[in-house]
Amino acid sequence: MRTQPRPAPAADPATATAGRAGRPDQLTGIALMTGSAAANQLGAATAALAFPVLGPAGVVAVRQWVAGAVLFGTVRPRFASFTRQQWRPVLALALIFATMNLSLYVAIDRIGLGLAVTLEFLGPLSVALLASRRVKDLGCALAAGVAVVVLARPQPSTDYAGIGLALLAALCWACYILVNRVVGTRLPGAQGPAAAASLSALLYVPAGIWILATHPVTVTALGRAAMAGLLCSAVPMVADLLALRRVPARFFGVFMSVNPVFAALTGLVVLGQSLALADWLAIAAVVTANAVSVSTGARPARPPRPALRRGWPGPRTRPPGTGPGRH
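Chemist: Would you mind going over the overall build of the protein in detail, with residue names and values included?
Modeler: Along its length, the protein carries 14 helices and zero strands. Along its sequence from the N terminus, the protein presents helices and strands in the succession α-α-α-α-α-α-α-α-α-α-α-α-α-α. A buried classification covers 47% of the 327 residues belonging to the protein. Across the protein, every contact between residues at least 6 apart in sequence was considered, and the portion connecting residues at least 24 apart equals 88%. On the protein, roughly 16,200 Å² of surface is accessible, and the fraction owed to carbon and sulfur atoms is 66%.

In structure tokens, the structure reads:
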């Protein structure tokens, strides 16, 4: 993570914000991350139902168009006012969106929702490991990582191309966390994600038109792809941006291990994908790691003592028994 020369108690904007706002702000960030994860996995399962008709690339194109249109229409990013310093992370985020979504959806088509999502989680897990400053945080990240390994253990029919694409999505997700954090500090509100989503949607116009023209499109498939755009892009983009302003990036990375949990449950309910006992034990380990991480989260920083007023005698001349901490 970014470091600055001492003294730098507020070098991490999210940590400083959490310190100032206290536990209520942290709980808001946790709620935002939970909603983001649930929406993401429900949207991915809905998108998978449209793969037989549109294919992964067609679903991604429709998803990006819907997300871009919704965010552009509601936020109305002011492109003309962007500076060069603001354009750089926005363009990077647009490329990340385009690559991450396509690689993940092709991986889901090849190896299934649960395995693809657990492998993709290696991205935020890496962010948690690299940004960790405490032994407990590192232990939580490692415990979640072991659970992911169990969930993604090799099967008799292993699709290595699908695994490689899921790992590419993992790399993109790690970059998404870090770049989206920069976007949140350089652009107000949801200007950054809305601009990036709009640009990403434009990248899929040529391929999307060709796919829709050559596939037997149905209203149901289009509706599912459009719903995926809302649940997987529009909702998480804004929720993650707001969450990263309230919690540190390392905490975000560890807490996002709930995604395999939501993926397993969503795959079971929506797609009918059953799980073995070892998978449920791994999910329990992920939940435990998150509970420990939340319970031992960063405490609000103690506010500095007010400066002594002119003429106040100071600690040495206070009467006995009246100093701080005596009562």
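Chemist: Quick rundown of the nonpolar core? Include the residues and the values.
Modeler: Of all hydrophobic cores here, the largest spans 43 residues; its most connected members are Met33, Tyr176 and Phe252. Excluding residues that lie within four positions of it along the chain, Phe252 makes contacts with Met33, Ile177, Asp240, Ala243, Leu244 and Val247. In this structure, Ala48, Leu54, Val66 and Ala152 belong to the second largest nonpolar core, which totals 31 residues.

Chemist: So what's going on with a nonpolar patch on the surface? Residues and values would help.
Modeler: There is a patch of nonpolar side chains on the surface, built from Leu42, Leu49, Leu265, Leu268, Val269, Val270 and Trp280 and spanning about 570 Å² of accessible area. Top contributing element to the nonpolar patch by residue count: helix α13 (residues 258-270), with four residues.

Chemist: Tell me about the side chain of Arg63, residues and numbers included.
Modeler: Mapping Arg63 onto the fold places it in helix α3 (residues 51-75). Buried and unpaired, Arg63 has no salt bridge, with Glu120 as the nearest side chain of opposite charge at 7.5 Å. Here the side chain of Arg63 touches Asn101 through a polar contact of 2.7 Å, side chain to side chain. Not counting residues up to four positions away in its chain, the partners in contact with Arg63 are Asn101, Tyr105, Ala225, Ala228, Gly229, Cys232 and Ser233.

Chemist: Lay out the side chain of Gln64 in plain terms, naming residues and giving numbers.
Modeler: Following the sequence through the fold, Gln64 ends up in helix α3. The buried category is assigned to Gln64, whose relative accessible area is 1%. Leaving out residues up to four positions away in the same chain, Gln64 has contacts with Phe97, Asn101, Ala197, Ser200, Ala201, Tyr204 and Ser233.

Chemist: For the confidence of the model for the protein, give the residues involved together with the corresponding values.
Modeler: Overall, the prediction assigns the protein a mean pLDDT of 75, with 78% of residues at 70 or greater. Taken element by element, the predicted model of the protein shows its lowest mean pLDDT in helix α1 (residues 13-21) (46) and its highest in helix α4 (residues 84-111) (88). Low confidence marks residues 1-21, where pLDDT is under 50. Its contacts with residues over four positions away, or in another chain, come to 28 contacts. Confidence over residues 298-327 falls short of pLDDT 50; this stretch has 14 contacts with residues more than four positions distant or in other chains.

Chemist: Go over the packing of α4 against helix α8 (residues 160-186) with me, naming the residues and quoting the values.
Modeler: Each pair of packed helices can be described by the angle between their axes along with the distance between the axes. Between α4 and α8, the least distance of the axes is 8 Å, while the angle of their chain directions is 155 degrees. Comparing the axis directions of α4 and α8 gives the class roughly antiparallel. The interaxial crossing formed by α4 with α8 has left-handed handedness. In the contact of α4 with α8, the residues fall into 24 nonpolar, six polar and two charged.

Chemist: So, the pattern of salt bridges: which residues are in play, and what are the values?
Modeler: Opposite charge on two side chains permits pairing when their charged atoms draw close. Enumeration over the complete set of coordinates arrives at one salt bridge. When the shortest N-O distance is used, the salt bridge between Asp159 and Arg110 registers 3.0 Å. Pair noted here: Asp159 is in the loop between α7 (135-151) and α8 and Arg110 is in helix α4, with a separation of 49 residues, a long-range link. When its relative accessible area of 21% is taken as the criterion, Asp159 is described as partly exposed.

Chemist: Before we move on, can you summarise the packing of aromatic side chains with the specific residues and values?
Modeler: This structure, assessed with the given rule, holds two aromatic pairs. For the ring pair Phe97 and Tyr176, a centre distance of 5.9 Å and an interplane angle of 50 degrees mean the geometry is tilted. On the criterion of sequence distance, the pair formed by Phe97 in helix α4 and Tyr176 in helix α8 is long-range, its members being 79 residues apart. Comparing Phe97 with Tyr176, the two get one shared label, buried.

About the cut-offs
Residues numbered from 1 in each chain as written. Predicted model: local features only at pLDDT ≥ 70, side-chain atom pairs only at ≥ 80, totals over all residues. Heavy atoms only, no water. Helix = DSSP H or I, 4+ residues; strand = E, 2+ residues; numbered from the N terminus. Buried < 20%, exposed > 50% of the residue type's maximum accessible area, 1.4 Å probe, protein only. Contact = heavy atoms within 4.5 Å. Areas by Shrake-Rupley, 256 points an atom, 1.4 Å probe, with all protein chains shown as cover. Core = buried A, V, L, I, M, F, W, Y, C linked by side-chain atoms within 4.5 Å. Patch = residues over 30% accessible without salt bridge, like charges linked within 9 Å, V, L, I, M, F, W, Y side chains within 5 Å. Salt bridge = Lys/Arg side-chain N within 4 Å of Asp/Glu carboxyl O. Lys, Arg positive; Asp, Glu negative; His and termini not counted. Polar contact = N/O pair within 3.5 Å; in protein donor to acceptor, adjacent residues only side chain to side chain. pLDDT = per-residue confidence, 0-100. Axes fitted to C-alpha atoms, helices over the stretch in contact; angles between N-to-C directions. Parallel < 35°, antiparallel > 145°, perpendicular 65-115°, else oblique. Left-handed = near helix turned anticlockwise from the far one by under 90°. Nonpolar A, V, L, I, M, F, W, Y, C, P; charged D, E, K, R; others polar. Phe/Tyr/Trp six-rings, centres within 6.5 Å; stacked < 30°, edge-to-face > 60°.

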